[in-house]
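Summary of the model geometry
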Amino acid sequence: MFFLIVDILGTIAFAISGALVAMNKRMDPFGVLIIAFVTAVGGGTLRDVMIGIEPVSWMKNMTFVYVIIGSATFAVVFKKRINYLRKSLFLFDTIGIALYTVVGVETGIIADLHPLICIALGTMTACFGGVIRDILCNEIPVIFRKEIYATACILGGLTYFLLLEFLEEKNYLFVIAGLVVILVRLVAVRFKISLPSLYKKVE
């Protein structure tokens, strides 16, 4: 039950994130809904296809469809209030990757996959909805820039497996690993920590 709640919360966060990006691009209502949808289910769909889940998870549970529609509608109706928080997009995106990381890792564990593959699945689940969102919105995906994004997900996944040796209660694992993802990204942005660049600065 707790696993389902985490999955739904991640869906809400990413759907709102996608809707905000779409509205910033001044898309029509249909465009906002589509971007919200692909942001919310893009990573999970890729994960399910890779491990052979047919049909993919959200197609078997209409709750996710209703949640995405409701979240996108919420973002549209309360756009001014949400945008009043200057970093609302960053906030929802960060919460989304944290929640989806643990969902992806746990899905890999259920499929009896190697820990490294589970961490990769968690990272893909968290990041690739945003990749599709950014591509459709004509932006360079955040994961391909210097920002600490996928790295935060990987660290969260590693934390999950390290604590798995000491904690039997999965709910605590979800919360702690998710908080690691959030804290790593917040600290990276706050102190302007980024991955090293491969390119020399142009003088």
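Heads up: these notes are all about the structure in this document. The shown structure was predicted, so the numbers you read here are calculated from the model rather than taken from an experiment. (Residues numbered from 1 in each chain as written. Predicted model: local features only at pLDDT ≥ 70, side-chain atom pairs only at ≥ 80, totals over all residues. Heavy atoms only, no water.)

**Here we look at the overall build of the chain**
In terms of helices and strands, the chain carries 9 helices and 0 strands. When its helices and strands are written in sequence order, the chain yields α-α-α-α-α-α-α-α-α. Relative to the compact-globule value of 17 Å for 203 residues, the chain shows a C-alpha radius of gyration of 17 Å, a close match. A principal-axis box enclosing the C-alpha atoms of the chain has dimensions of 50 × 45 × 30 Å. Out of the 203 residues belonging to the chain, those deemed buried represent 44%. Taking all contacts inside the chain whose residues are at least 6 apart in sequence as the whole, residues at least 24 apart take part in 72%. (Helix = DSSP H or I, 4+ residues; strand = E, 2+ residues; numbered from the N terminus. Rg over C-alpha atoms; globule rule 2.2 N^0.38 Å. Buried < 20%, exposed > 50% of the residue type's maximum accessible area, 1.4 Å probe, protein only. Contact = heavy atoms within 4.5 Å.)

**A few points about the layout of surface pockets**
Roughly 270 Å³ of volume is contained in the largest pocket. Taken together, 13 residues form the lining of the largest pocket, with V21, L89, R133, D134 and V142 sitting closest to its centre. Those elements that provide at least two residues to the lining of the largest pocket are α1 (2-24), α6 (88-110) and α7 (115-136). No other element matches the 3 residues that α6 contributes to the lining of the largest pocket. Of the residues belonging to the lining of the largest pocket, the class tally is 4 nonpolar, 1 polar and 8 charged. Here the second largest pocket is characterised by a volume of approximately 200 Å³. Along its surface, the second largest pocket is lined by 13 residues, and F3, D7, R47, S57 and T107 are the ones closest to its centre. Counting residues per element, the ones that place at least two in the lining of the second largest pocket are α1, α2 (29-51), α3 (57-60) and α6. Tallied by class, the residues present in the lining of the second largest pocket amount to 6 nonpolar, 3 polar and 4 charged. (1 Å grid on protein atoms, 1.4 Å probe; cavity = no way out; pocket = protein on both sides within 12 Å on 5 of 7 lines; lining within 4 Å. Points joined across faces, edges and corners; volume = space filled by probe spheres on them. Nonpolar A, V, L, I, M, F, W, Y, C, P; charged D, E, K, R; others polar.)

**Some thoughts on the environment of G104**
Structurally, G104 is set in helix α6. The exposure class assigned to G104 is buried, which follows from its relative accessible area of 0%. In the structure, G104 is positioned 35 residues away from I69 in sequence and 22 Å away in space, judged by C-alpha atoms. The contact partners of G104, leaving out residues within four places of it in the chain, are R47, C118, L121, G122 and T125.

**Considering the nonpolar core**
It is characteristic of soluble globular proteins that their nonpolar side chains tend to be buried jointly. The biggest cluster of nonpolar side chains holds 33 residues, and the ones touching the most others in it are I68 and I97. Where this core is concerned, the elements lending two or more residues are α1, α2, α4 (62-77), α6, α7, α8 (150-164) and α9 (170-190). The dominant element in this core, judged by the number of residues it contributes, is α1, at 8 residues. Look past the residues within four positions of I68 in its chain and what remains in contact with it is T11, A15, A36, F37, A40 and V41. Judged by nonpolar contacts, the second largest core, of 12 residues, contains C118, I119, F161 and F174. (Core = buried A, V, L, I, M, F, W, Y, C linked by side-chain atoms within 4.5 Å.)

**Looking at the environment of C127**
Along the polypeptide, C127 turns up in helix α7. Sequence separation between C127 and G43 is 84 residues, and the spatial gap between their C-alpha atoms is 6.4 Å. Here C127 is in contact with I143, Y149, A150 and C153, once residues within four sequence places are set aside.

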